Structures are given as C-alpha cells and as structure tokens.
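Spelled out, the chains give:
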Number of protein chains: 4
Amino acid sequence: MAVHQVETLFAAYLEKADLSNKQKAVLSACLSLFSEQGFERTSTAAIAKRAGVSEGTVYKHFKSKTELLDASLEPLSHSVVPQLASEFIDEVHPERFAHLEDLLRFVIHDRLAFAINNRAMIRVFAQEVFVRSDLLQVGVNAIFGQFAVGFGRAIQHFQATHELIDWSSLRLLRTIAGGIIGYALPVVMMPDGTYPFDINQATDELVESLLKTLTP
Amino acid sequence: MAVHQVETLFAAYLEKADLSNKQKAVLSACLSLFSEQGFERTSTAAIAKRAGVSEGTVYKHFKSKTELLDASLEPLSHSVVPQLASEFIDEVHPERFAHLEDLLRFVIHDRLAFAINNRAMIRVFAQEVFVRSDLLQVGVNAIFGQFAVGFGRAIQHFQATHELIDWSSLRLLRTIAGGIIGYALPVVMMPDGTYPFDINQATDELVESLLKTLTP
Amino acid sequence: MAVHQVETLFAAYLEKADLSNKQKAVLSACLSLFSEQGFERTSTAAIAKRAGVSEGTVYKHFKSKTELLDASLEPLSHSVVPQLASEFIDEVHPERFAHLEDLLRFVIHDRLAFAINNRAMIRVFAQEVFVRSDLLQVGVNAIFGQFAVGFGRAIQHFQATHELIDWSSLRLLRTIAGGIIGYALPVVMMPDGTYPFDINQATDELVESLLKTLTP
Amino acid sequence: MAVHQVETLFAAYLEKADLSNKQKAVLSACLSLFSEQGFERTSTAAIAKRAGVSEGTVYKHFKSKTELLDASLEPLSHSVVPQLASEFIDEVHPERFAHLEDLLRFVIHDRLAFAINNRAMIRVFAQEVFVRSDLLQVGVNAIFGQFAVGFGRAIQHFQATHELIDWSSLRLLRTIAGGIIGYALPVVMMPDGTYPFDINQATDELVESLLKTLTP
DNA sequence: TATGAATGAGCCTTCATTCAT
DNA sequence: TATGAATGAAGGCTCATTCAT
C-alpha cells in the first residue's frame, strides 16, 4: 500500500471496478457530495446532477441510496483491512526494518499519507460510523482482525530485542494510533486546503515523540 | 470544571437554563435521539414522542429543527471554551501544580472525564462538525482562543523550569491531545456500556507515556 | 342484513368507524376511484384531490396505499362473512320460512340487493382478487366457513320435507349462486345507471327458475 | 370451435399470427405475467426477461405496453365473437341437434372447455374489463351481435317444437350463462391446479339442471 | 434487426412546519 | 399555553419508452 498510495484508495477502486464511465461518475459524485454535505443531506437528484447523468441511471447499478453509500465506502472495508493485515504479515519483517525507528517511520508515514489521500472517504466514514453499527464493525475488524496478528508479531520481535517497551499490544496500539490521529485529525476535518500540513515534518516529529515514549 | 464535572455539561445547562420542564424534556430527547440516530435521521415527531409532548410544543421555544441542534450543542460552545480558558488562566498556577506531572495528571483526568460524561453530546458534535463550518469554528476557537493563552503560560512556566521539552505550543498540544484522543475515542464511539474503561488506569498510563515524551 | 341493507355496507362502515370526517372522505374517494380506475391506476394524489385534503392527510391514518385498499374492502371481510353466517344460523329457521320458495325468495332478493348496493366495492374486490390471494381466502372463507354450516342446516331441513332435491350442498350452492350471478353480473360490471334492472322482477324470475330446478 | 378448442385460443392465434418467434415469446410472457400479476403490476422489463429478449425487442412490434395488452386479448375479440356467432348460425341446425338436450349439452361442454382452456386469458380480461370500457364493448358485442341472431334462431326452433319454455332470449341467455358461470368461476379464479374439476360430470349436472328449468 | 443503457416523468411516502382549537 | 390535525414540498425509487450501437 505504501507505494500505490500515491493515488487514493477510491480512485484505485474506480479504476479496477467493473463499472461504466457513467457509474464511475456517479460514485465520484457520491463521494464528494457525501463528504461535503453528509449522506442524508445529499439528494439522489444532486448526485445525478453532479455526475451528469439522469436519476434513473443512478439506480441502474445501485439499487438504493444506501447501496451508494456502501459502494462509496467499499474501498475502506475491502482494501484497508486486508492491506493493513498483509502489510504487517508480509512486509513488516525484521530484516526489512532493522530498528524500531524504521518500522515506526514506515507505519506513521504510511498512515498519514493514507489519511490525507483519502480525506473525503474518511469524512464520509466518520459521519456514518456513529449511526451504522455495521461500519463500526468494519473498523473494529480492521484493528482486531488479522492485522492484529501481524502487528503482534512485529511487537514481539522488537520487545525481544529490547528496543520496544514491554507494554500490552492494546496500549502500544493506542499510543501509536493516538499520536497519528493527533496529527491527522485537523487535516481530515478542515475543508481541503484550509490546513497547512507537511507530511515529512509530521512524520519526523511523530517518530521522535513516539521513540521517546516507546523506548524502554 | 474539574468539580462540577460530576454531572454532564448538558445536565448542568438544563438545570440553569430558563426553560420549562417540557422544554427541558424536549432538549433531553434531542440529545439522546441525535446521539443515537444522527440529526437528519431524527424526526421532530420522534422528538416530541420521546419528550412526551406534542409536536406543537416542540416548536414553542425552538423555531426550527436546526435550532434544536444548536441548543443541544449550546453547552459545548458556551461552557467548554470559557471553562477551558479560565481553567488555565485561573487554576493552573505554578503553586497549584508543583511539577509537570501534576499538571498533566489534572488535565488528562479532567479531559477524559469530560469526554466520558459528555459522550452523547460529543457524538452529536462529531457527526455535525463535518458539515457545519460554524461548529468547526467553535472547536477551533476553543483551542486557539483564550484557552491558548492560559495553556501558553503554563507551558512557558514548565519550560522555564526545564521540566518540559522545548517544543512549540502547537506540537505540545497535538501530542497531549493525541494521547487523550487515543484513549477517549473508543469510549465515545462505541455504544454506551460496550467498551470497558477505567479512567484512573488510563490516566496513569497516559501520564507515564506523556511524561516520557515531554521530559527534555 | 336484509334490513340495514338499505344502505351500502361501506356507508354503514364509515358511519360506525372511528374516523374523522377527512378520513371518511379519503376512504370514499378511494372506493370511487379504485372502482372507476382500479387500484394501481389510481394515484395517491388523485385520492387526496377527490377527498379534498392534502396528500399528507391521506397518510395520517393509513400507513400505505395498500392499507387504503384494505380499508376500502374491510366491510366485505368483516361484515359480509359474519353476517352471511349468522343469517343462516339465526334467521333461516323452518318456522320463518314455511316453504323452500320463501327461503329462496329471501336469499335471492337479499343477495341481489347486496350486489347492487355494493357495486363499487364488489368491482374493487373483483379487480384485486385475481392478484391477491389473501382476498381470495376471504371469499372462500365466506362460503366454506360458518356460513356453510347454516346453509347446510337449511338444506337438510327442506330435503327432509322433500321440498328440495337430494343434491350435494356444493351442487345446490353452485346452482343457486350461478343463478344469482347470472342476473347480478351485468349490473355490477356495467357503469352505474347503464344497465336497467328491476330487482323485484329479477327475484320473481329467479325464484321461478330455481324452484323448477330444485324441486324433486 | 368445439374441435380445435383442444388448444387454447391464444396458442392457436400465436400459431397463425404473422409474428417472429421472439414476438411470440413476448406475447406468451405477457399472457402469463398479466394473468399472474395483473397488467399494471407487470413491468416491461419483466416481460422482456420472461420472454428471453431485450426490452428494445419488446417495443419492436408493439408500440406501447397497452398494445401488448390488446394483443394478448386479441384472440378474444377476433376469435370468440365471430366463432360464437358462426357456431350458432352454421352449426346449430335443427337437423344437427335433434333435441334441446343435445343443443344444451353441446353449448355447455363447449363453453366449459373454453373457460378452462383459456383460463389465463379470461383472468386478464376479467381484471381489465372493469377499467376499459372498450373491452366491455367486446363482450357485449359478443353476446348481442351476430351471435344473438344464431342463438335466437335456435331458440325459436325449440320453442316452436315446445321443447323450450317460452321465455325471452335475454332470460334464457341469463339462465344458461348463469349456470355455466356457476361452474366455471371457481376454476378460473383459483390458481391453476388448485381446484379439482371434472368437465364431463359438470356437463351432466348442468344439462340435468337446465333441462328441468327450461322444459315448459 | 436486436440490444440494453439511458432517460425523466411520476409515483408513494416522509416530515418540518403551521395554526385553529 | 399546549395540542395534534393538516399541509405541501421534497425525497427516494420505478418504469415505460427511446435510441445509438
């Protein structure tokens, strides 16, 4: 993911998805409108208009408005979770990351880039997660599913080399995630372009902070 | 705030506000329903029903549905910001907090308690802040308004005593806030009672983590 | 029923039903429009317009368009079946009908009057019964339910006195019903006022025909 | 008709009609769907799907959905009426039917077979006749058109021989039709296969009944 | 000729808001 | 003041019909 993250998840999904150009336009319109106005405040008429198609066309591949929301968030549940998992299982090997700092730097930069590149989708998710328990499940699975396995292995490795403090996975996760969220939140919440952000500086700062915290 | 936080902001607001019992019931119904279902998904009929009043009564003191949302979030904008500010200006004195750890412990426990006691209101706020830029302004003001002054003074004090690392206020704020959010987020997002949480243990852990990060 | 049949079932139902005047107007509009155009071809907007109310009012007491159809046919299922049954159980006593001719005359006149007075409702029922199996059940129950018991007793009585031919109830029912339908069908199918009909002459003719058939 | 009635009118019509195989499939789909769900409840998409063709093809020979209904009922108006008429004019000769019983037996069996073989089409007709006055006209013409002439001649013949009671044609028609309808109605209304029916027994019973009624 | 994507009018239904009682 | 019946403007969705391929 670290590499193909240059594009957003959503754009990558549209590219691969078996959808006509009009249906891609529909989903793009959904993402931008849901992100700007929220799901409930966005009418199917507005979606059709922004997509440049008729309202009937909107319903050709998507049976309901809810399905539009699901399709808009599809990349999150079907890409983020598996990729996060495989990332830690396949890529996060000791030989690849000689020291804890290297791992931290990779994870932090990757997640910050993810948050920034997929701002719109995250905004949509954040608005709906409070109301739709199935979405919450997606997020929970993302963290406590396969991903946790890979993450746990990485932890054990660096705890064995005494580079990483001997805390529980949950506490470590919270510490790292909290740090990332602290930097990413304003960027995601503020309208695009409103908030100046230098991902490299942020990564440097976070790595420095977290290293101090996580070193025994 | 640390003291009267035993109750939620919203309950305290209802107590003081110049509203009839029926109107208090209406606002309570709003908060719970908005928190459970979101603002758009909640009908005024449902509000009236839960409040045990007629639909006409709902519109007696509140001219529109939007006004109900504003009133539900009123305590945030008119209590949190000023209290946060005065807290740091009035209460956070060097003589009160001999060491950085004492200040951290106070702030962390206070904000965690706030997040937990006002879960419902925060949920409502979180859902709407993406869509309503005026709410965003409230949050921004909360941080970069008067509060920043008091926070800045406290920072300068402990930086002068070399107990606090020489970072910018923004970076310090992000670090502390990120830590707190990492712990508070799951509690706020999960349905009430779903997520086990021990505020004292969380405070201890966070103080330990942040002290390591923030000590020069 | 023979007596209060002076009014239609539907009017009697409206009188007794716990409905506001507007809701009565809505149901009346439904019956006439469904009868004229059929259920599917009638829009809720047209119903509202003919009832002289807003479309929202239509949905105040009736949760869906289907419920409007059900309510329009309610008198059939909740009045016809029970009344038919009780009629034969309570009223059709040997002492009341000295001879088979008296019974036939009563039944024929009563059913013809019923068909003519409730033309509109029967038209609605006839259109929908092909598509809604639950309605079919209503009709079947009407005939093979309690009613059949009373009818069977009457049959046995006159078969015992040798005034009635020794056929099965089903064949007797079909013979009598067929005769009545032969007279009633054109009246029900043709638009109101189009088809001249003298119920007394029809009764006389039918009684004469059926007596010949049913006398041993 | 008595002979080729082994097939349904509709199948015979499809055979002779100048239609491509696809168009025949479309009409067959129409008849079955209209019969099962009613005209309004059947979408052109469903017709295309059941016929195994595209929606565009449906509209190739039939300019509108209404035209599909008309074509589905075409056999009724262009076969039943003329055949009924010619039947009585050409076939119902005194020399062919020595006695009234022979005529009755022929007519009853023929019409019962017609009703059963063409259940589906009759169902479609019955649903639409209430709403479309032009269809009603078809039925009325069927009876009071040329057919009545042939029927009238047959009546006069047997009234002259004093085998048939001296009633008006209308009354005789109603009596015979009522009898047939009494037997055919349940078969037509119930879903196929639901209602057990023996056409020969029914014919015997009806001939017996009607002979008693119609003999002076 | 056959396809099926595309259209847009119109449908059923909901809901914020008003107002006579 | 409180009620809740009434409103009517959208909103989501369906479907008969067309037309470029």
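Quantities reported herein were computed from a predicted structural model and do not represent experimental measurements. (Residues numbered from 1 in each chain as written. Chains lettered and ligands numbered in written order. Predicted model: local features only at pLDDT ≥ 70, side-chain atom pairs only at ≥ 80, totals over all residues. Heavy atoms only, no water.)

Caption draft 1: Fine view of the pattern of salt bridges. Counted by the stated rule, this structure contains 48 salt bridges over all chains. One salt bridge connects Asp110 of chain A with Arg111 of chain A, and the closest N-O pair in it is separated by 2.9 Å. Close ionic contact of Asp192 of chain B with Arg123 of chain B constitutes a salt bridge, the shortest N to O distance being 2.9 Å. Of this pair, Asp192 of chain B sits in the loop between helix H10 (169–189) and helix H11 (199–214) while Arg123 of chain B sits in helix H7 (residues 119–129); the two residues are 69 residues apart in sequence, bridging distant segments of the chain. (Salt bridge = Lys/Arg side-chain N within 4 Å of Asp/Glu carboxyl O. Helix = DSSP H or I, 4+ residues; strand = E, 2+ residues; numbered from the N terminus.)

Caption draft 2: Quick look at the relation of the copies chain C and chain D. Here chain C sits on chain D after a turn of 179 degrees about the axis and a move of 0.0 Å along it, with an RMSD of 0.2 Å. Within this description, the copies of the chain are treated as partners about a two-fold rotation axis. In this assembly the copies share their binding face: 97% of the residues contributing to the interface of chain C also contribute to that of chain D. (Least-squares fit on C-alpha atoms with pLDDT ≥ 70 in both. Contact = heavy atoms within 4.5 Å.)

Caption draft 3: Looking closely at the relation of the copies chain A and chain B. In the superposition of chain A on chain B (RMSD 0.1 Å, axial shift 0.0 Å), the rotation amounts to 179 degrees. Taken as a fraction of all interface residues of chain A, those also at the interface in chain B reach 97%, which identifies the copy contact as same-surface.

Caption draft 4: Layout of the protein's contact with DNA strand E. Around DNA strand E sit 27 residues in total, of which Thr57 of chain A, Thr44 of chain B, Thr44 and Tyr59 of chain C together with Thr57 of chain D are the nearest. By atom count, sugar and phosphate contribute 61% of the portion of DNA strand E lying within 4 Å of the protein. Take Lys60 of chain A: an N or O atom from its side chain is 3.2 Å from a base nitrogen of DNA strand E. Separating a phosphate oxygen of DNA strand E from a side-chain N or O atom of Lys65 of chain C is a distance of 2.7 Å. When contributions to the surface near DNA strand E are tallied by element, the ones reaching two or more residues are helix H4 (55–61) of chain A, helix H4 (55–61) of chain B, helix H4 (55–61) of chain C together with helix H4 (55–61) of chain D. Ranked by residue count, the leading element in the surface near DNA strand E is H4 of chain D, at four residues. Tallied by class, residues from the surface near DNA strand E come to four nonpolar, 14 polar and nine charged. (Near = heavy atom within 4 Å. Polar contact = N/O pair within 3.5 Å; in protein donor to acceptor, adjacent residues only side chain to side chain. Nonpolar A, V, L, I, M, F, W, Y, C, P; charged D, E, K, R; others polar.)

Caption draft 5: Local environment of the packing of aromatic side chains. Overall, the coordinates contain nine aromatic pairs over all chains when judged by the stated rule. Measuring from ring centre to ring centre gives 5.2 Å for Phe34 of chain B and Phe39 of chain B, while their planes differ by 70 degrees; the resulting arrangement is edge-to-face. Taken as a pair, Phe34 of chain B and Phe39 of chain B share a single burial class, namely buried. One residue, Arg111 of chain C, lies across the ring of Phe114 of chain C, its end atom 4.7 Å from the ring centre. (Phe/Tyr/Trp six-rings, centres within 6.5 Å; stacked < 30°, edge-to-face > 60°. Buried < 20%, exposed > 50% of the residue type's maximum accessible area, 1.4 Å probe, protein only. Lys NZ or Arg CZ within 6 Å of the ring centre and 35° of its normal.)

Caption draft 6: Highlighting the protein's contact with DNA strand F. Residues in contact with DNA strand F amount to 27 residues; listed here are only the nearest, Tyr59 and Lys65 of chain A, Thr57 of chain B, Thr57 of chain C together with Thr44 of chain D. Take the atoms of DNA strand F that sit within 4 Å of the protein: sugar and phosphate atoms are 59% of them. Side-chain polar atom of Lys65 of chain A to a phosphate oxygen of DNA strand F: 2.6 Å apart, as the coordinates give it. When contributions to the surface near DNA strand F are tallied by element, the ones reaching two or more residues are H4 of chain A, H4 of chain B, H4 of chain C together with H4 of chain D. In terms of residue count, H4 of chain B provides more of the surface near DNA strand F than any other element does, four residues in total.

Caption draft 7: How the structure looks around the UniProt feature "DNA-binding region" (unreviewed entry) in chain A. The positions that UniProt labels "DNA-binding region" (unreviewed entry) are, in the present scheme, residues 43–62 of chain A. Within residues 43–62 of chain A, the helical portion is 75% and the strand portion 0%, while the C-alpha atoms at the span's ends are 14 Å from each other. (UniProt positions renumbered as here; feature names shortened; annotations may be inferred.)

Caption draft 8: Quick look at unusual backbone geometry. One non-glycine residue, His162 of chain B, adopts positive backbone phi at about 60 degrees. Mapped onto the fold, His162 of chain B is located in the loop between helix H9 (146–160) and H10.

Caption draft 9: Highlighting the environment of Phe62 of chain D. Residue and element names in this part refer to chain D. The residue Phe62 is located in the loop between H4 and helix H5 (65–91) in this model. For the pair formed by Phe62 and Ala17, sequence separation is 45 residues and the distance between their alpha carbons is 14 Å. If we skip the residues at most four places from it in the chain, Phe62 touches Gln23, Val26, Leu27, Glu67, Leu68 and Ala71.

Caption draft 10: Expanded view of the packing of helix H6 (residues 100–117) of chain C against helix H10 (residues 169–189) of chain C. All names here are of chain C. Two numbers describe how H6 lies on H10: the axes approach to 10 Å, and their chain directions differ by 30 degrees. One way to sum up the angle between H6 and H10 is to call them roughly parallel. Judged by the twist between their axes, the crossing of H6 over H10 is right-handed. Here Leu104, Ile108, Arg111, Leu112, Ala115 and Ile116 of H6 lie close against H10, whose contacting residues are Ile176, Ile180, Tyr183, Ala184, Val187 and Val188. (Axes fitted to C-alpha atoms, helices over the stretch in contact; angles between N-to-C directions. Parallel < 35°, antiparallel > 145°, perpendicular 65-115°, else oblique. Left-handed = near helix turned anticlockwise from the far one by under 90°.)

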